[in-house]
Amino acid sequence: MASMTSYDLVIIGGGPGGYPCAIRASQLGMSVAVIDDRELLGGTCLNIGCIPSKALLQATERLEMARNLEAFGVLVDNVRADLAGVMRHKARVVTELGEGVA
């Protein structure tokens, strides 16, 4: 027979409601388990929604700023985006924040 672990609280979903609940319950001395079907906690917002979108937006804002540096007397030739690099940046942001939640 497999051994069973007992918890004071089991939370389904490690999103923006679940993980703060787990943290607080743990701070109050409870034994807590979080069940989530994603590899990283953080829910839709962190993994595929708000955070990845903001990381991509930040990259495009930086690109636009670089393209308009001439107004400040800075000349930059051939400013362009490296889509693979932008996607690596997005993945790194999501991973770092997800690991922080975990």
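Everything quoted here is computed from the prediction, not taken from an experiment. (Residues numbered from 1 in each chain as written. Predicted model: local features only at pLDDT ≥ 70, side-chain atom pairs only at ≥ 80, totals over all residues. Heavy atoms only, no water.)

(A) Looking closely at helix 1 (residues 18-27). Looking only at helix 1, the buried set comprises Gly 18, Ala 22 and Ala 25. Projected down its long axis, helix 1 carries its buried residues within an arc of 70°, all on one side. Where helix 1 is buried, its residues meet strand 1 (9-12) and strand 2 (32-35). Of the residues one or two after helix 1, Gly 29 is the one with positive phi, at around 95°. (Buried < 20%, exposed > 50% of the residue type's maximum accessible area, 1.4 Å probe, protein only. Helix = DSSP H or I, 4+ residues; strand = E, 2+ residues; numbered from the N terminus. Arc of directions from axis to C-beta. Contact = heavy atoms within 4.5 Å.)

(B) Just the pairing of strand 1, in detail. Sheet analysis places strand 1 next to strand 2, joined by four bridges and oriented parallel. Residue Leu 9 lies in a different strand from strand 2, and its bridge partner there is Val 32. Crossover handedness for the path strand 1 to helix 1 to strand 2: right-handed. (Pairing = 2+ DSSP bridges. Right-handed = clockwise from strand over helix to strand, strands pointing away.)

(C) Looking closely at helix 3 (residues 50-67). In this model, helix 3 (18 residues) spans 26 Å end to end at C-alpha, consistent with the 26 Å of a helix rising 1.5 Å per residue. Within helix 3, burial applies to Pro 52, Ala 55 and Leu 63. Buried positions in helix 3, seen along its axis, are confined to an arc of 75° and lie on one side of it. In this structure, helix 3 carries Lys 54 and Met 65 as exposed residues pointing more than 90 degrees from its buried face. Those residues of helix 3 hidden inside the fold are in contact with helix 2 (43-47) and helix 4 (83-101). (Expected span 1.5 Å × (residues − 1).)

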